[in-house]
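So you can see what is in the structure, the chains are spelled out below.
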Amino acid sequence: MRVDLFDFELPEERIALRPARPRDSARLLHVGADGALTDRIVRDAPALFEPGDVIIFNDTRVIPARLNGVRTRGENSVRVEVTLHQRVSSSTWIAFARPGKRLKEGDRIRFGEASEGNVCMLGALDATVTAKAETGEVTLAFDLAGADLDAAIAMHGIMPLPPYIASKRAEDDQDRADYQTLFAARDGAVAAPTAGLHFTEELIAALDARGVERHRVTLHVGAGTFLPVKADDTAEHHMHGEWREIPVETAEAVNRAKSEGRRIIAIGTTALRSLESAADSDGRLQPLTGPTDIFITPGYRFKIVDRLWTNFHLPRSTLFMLVSAFAGLARMRAAYAHAIRGGYRFYSYGDACLIERNPEEGDGT
């Protein structure tokens, strides 16, 4: 499909720079299967669920993946910024770099500052550029590994706010809490699964009281989620791979619910992509672990997910393409126009929508 079909105009003031407080006071747009639009508040969402519904959360945890450093090459040095986005081994990451043109294989980069008396993970964090892709990505081999490397990244790193927030204000200590979901448990993401940011202990308790089942998957969200689609046609776009895991107990719970006619609700596009990427040809969820680069566009036939809870996404983005596949492009364009007129807050720290799947399984109409 033509990428420009997924374009729309968004006023700058609709971009949320901070989350709603409390989190469940955010607005929620319910997009019905027939396209009906209903304005609600997140804390009132349990009324939209039925006993036996199964909700799936992504339990990834965001690491402070943006690092500022100095590249050295002989006597020459230059400041660089990298955003880690895919772990290759206990000591190696693939990263986006700025300015990427200043880096080449063999360069040494020092992140943070060493001081007398610092040892191991408390000192400077050093890495060697071992590869550079045509896309500008670099492979960094760090001098530390495993838990020591993780601790050093936590010390020197900055929370990787999305560019549409970072370009308007600096990251601060509040973001270290705001940019994690209630379910964050497994380190590895460099972007938050932002649909989960709306959930509070009180909201979870209300869903439990409603008789809603909860299960988890893990998908370590990569920085590639913010990359623009530069191709003119969706068929020409290449998705970055991300690591995901479907636990056995989650697969069993989902398959049992599907066989009993109960609904599966993905909390976020990352949970949805995890589930759909692990579905077999018979529509059964498999307990798989490994990378996925699933790219969902209109015409995709959904096998697992019946409802999607998600934020409002960027124009021309793979995520807006996904929700358009789920509900139909015309329905989602109408929903976004309604949200813009109604003052909804967009993107990572913004409001949410609960989308019913198109009865025709997202044929893009």
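The rules we used
Residues numbered from 1 in each chain as written. Predicted model: local features only at pLDDT ≥ 70, side-chain atom pairs only at ≥ 80, totals over all residues. Heavy atoms only, no water. Phe/Tyr/Trp six-rings, centres within 6.5 Å; stacked < 30°, edge-to-face > 60°. Helix = DSSP H or I, 4+ residues; strand = E, 2+ residues; numbered from the N terminus. Buried < 20%, exposed > 50% of the residue type's maximum accessible area, 1.4 Å probe, protein only. pLDDT = per-residue confidence, 0-100. Contact = heavy atoms within 4.5 Å. Arc of directions from axis to C-beta. Pairing = 2+ DSSP bridges. Axes fitted to C-alpha atoms, helices over the stretch in contact; angles between N-to-C directions. Left-handed = near helix turned anticlockwise from the far one by under 90°. Polar contact = N/O pair within 3.5 Å; in protein donor to acceptor, adjacent residues only side chain to side chain.

1. Section: the packing of aromatic side chains
For step 1, the next point in the chain: For the structure on display, the rule yields 18 aromatic pairs.
For step 2, the next point in the chain: Each ring, one from Phe8 and one from Phe320, has its centre 5.2 Å from the other, and the planes form 65°; the classification is edge-to-face. Linking Phe8 in the segment before strand E1 (27-31) with Phe320 in helix H7 (residues 318-327), this pair joins segments that are 312 residues apart in sequence.
For step 3, the next point in the chain: Here Phe320 falls in the buried class, since its relative accessible area comes to 0%.
For step 4, the next point in the chain: Between Phe199 and Trp309, the aromatic rings sit 4.9 Å apart at their centres with planes inclined by 45°, giving tilted as the arrangement. Taken as a pair, Phe199 in the loop between strand E11 (186-189) and helix H4 (201-210) and Trp309 in strand E16 (residues 307-311) lie far apart in primary sequence, 110 residues in all.

2. Side note on the confidence of the model for the chain
For any part of a model where pLDDT is low, the fine detail of the predicted coordinates should not be relied upon.
For step 1, the next point in the chain: Residues with a pLDDT of 70 or more make up 95% of the chain, whose mean pLDDT is 91.
For step 2, the next point in the chain: This stretch, residues 361-365, has a pLDDT under 50; its non-local contacts, to residues over four places away or in other chains, come to 23 contacts.

3. So, H4
For step 1, the next point in the chain: Turning to H4, its buried residues are Leu203, Ile204 and Leu207. Each buried residue of H4 sits inside an arc of 100° when the element is viewed along its axis, so together they form one side. Pointing more than 90 degrees away from the buried face of H4 are the exposed residues Glu201, Glu202 and Ala209.
For step 2, the next point in the chain: Looking at the buried residues of H4, the elements they touch are strand E3 (54-58) and strand E12 (213-219).
For step 3, the next point in the chain: Following H4 by one or two positions, Gly211 adopts a phi angle in the positive range, close to 90°.

4. Overview of the sheet that holds strand E9 (residues 125-132)
For step 1, the next point in the chain: One closed barrel accounts for six strands, arranged E5-E6-E7-E10-E9-E8; its pairing is antiparallel. Pairs of neighbouring strands in the sheet enclose a mean axial angle of 45°, with direction left out of account.

5. Regarding the pairing of E1
For step 1, the next point in the chain: When you tally the buried positions in E1, you get four out of five residues, the bulk of the element.
For step 2, the next point in the chain: Taken together, the five bridges between E1 and strand E2 (residues 37-41) define a ladder with antiparallel strand orientation. Residue Leu28 lies in a different strand from E2, and its bridge partner there is Arg40.
For step 3, the next point in the chain: Here E1 hands over to E2 after five residues, with Gly35 in that stretch at a positive phi of 90°.
For step 4, the next point in the chain: Pairing geometry for E1 and strand E17 (residues 352-356), over four bridges, is parallel. Looking at E17, one finds that Leu28 is bridged to Ala352.

6. A few points about the pairing of E3
Along any regular strand the residues' side chains alternate between the sheet's two faces.
For step 1, the next point in the chain: Burial analysis of E3 places five of its five residues in the buried class, which makes it a mostly covered element.
For step 2, the next point in the chain: The sheet contact formed by E3 and E12 spans five bridges and is parallel. Bridged to Ile55 within E12 is Arg214.
For step 3, the next point in the chain: Note that E3 and strand E14 (residues 264-267) share three bridges and pair parallel. Within E14, the residue paired with Ile55 across the bridge is Ile265.

7. Examining unusual backbone geometry
For step 1, the next point in the chain: Residues Arg21 and Pro22 are joined by a peptide bond in cis, for which omega reads -10°.
For step 2, the next point in the chain: Note that Pro22 resides in the segment before E1.
For step 3, the next point in the chain: The residue after Arg98, namely Pro99, is reached through a cis peptide bond having omega -10°.

8. Overview of the packing of H7 against helix H8 (residues 329-341)
For step 1, the next point in the chain: Where H7 meets H8, the closest approach of the two axes is 7 Å, and the angle between their N-to-C directions is 120°. Viewed along their axes, H7 and H8 form a crossing whose handedness is right-handed. Note on element contacts: H8 touches H7 through Leu329, Arg331, Met332, Arg333 and Tyr336, opposite Phe320, Val323, Ser324 and Ala327.

9. Description of helix H1 (residues 146-156)
For step 1, the next point in the chain: Those residues of H1 that sit buried are Leu149, Ala152, Ile153 and His156. Buried residues of H1, viewed axially, fall in a sector of 100°; they line one side.
For step 2, the next point in the chain: In this fold, the buried residues of H1 make contact with strand E5 (66-73), strand E6 (76-87), strand E7 (92-98), strand E8 (108-111), E9 and strand E10 (137-142).

10. A word on the side chain of Arg262
For step 1, the next point in the chain: Residue position: Arg262 is located in the loop between helix H5 (248-259) and E14.
For step 2, the next point in the chain: Of the residues examined, Arg262 reaches a relative accessible area of 19% and is grouped as buried.
For step 3, the next point in the chain: Among the polar contacts listed, one links the side chain of Arg262 to the backbone oxygen of Gly52, at a separation of 2.9 Å.
For step 4, the next point in the chain: Apart from residues lying up to four places away in sequence, Arg262 is in contact with Gly52, Val54, Glu213, Arg256, Ala257 and Asp306.

11. Some remarks on the sheet that holds E2
For step 1, the next point in the chain: Taken in spatial order, the nine strands line up as E2-E1-E17-E16-E14-E3-E12-E13-E15 in an open sheet, and their pairing is mixed. Of all the strands in the sheet, just E2 and strand E15 (289-292) have a single pairing partner and so form its edges. Taking the axes of each pair of neighbouring strands and ignoring which way they run, one obtains an average angle of 25° across the sheet.

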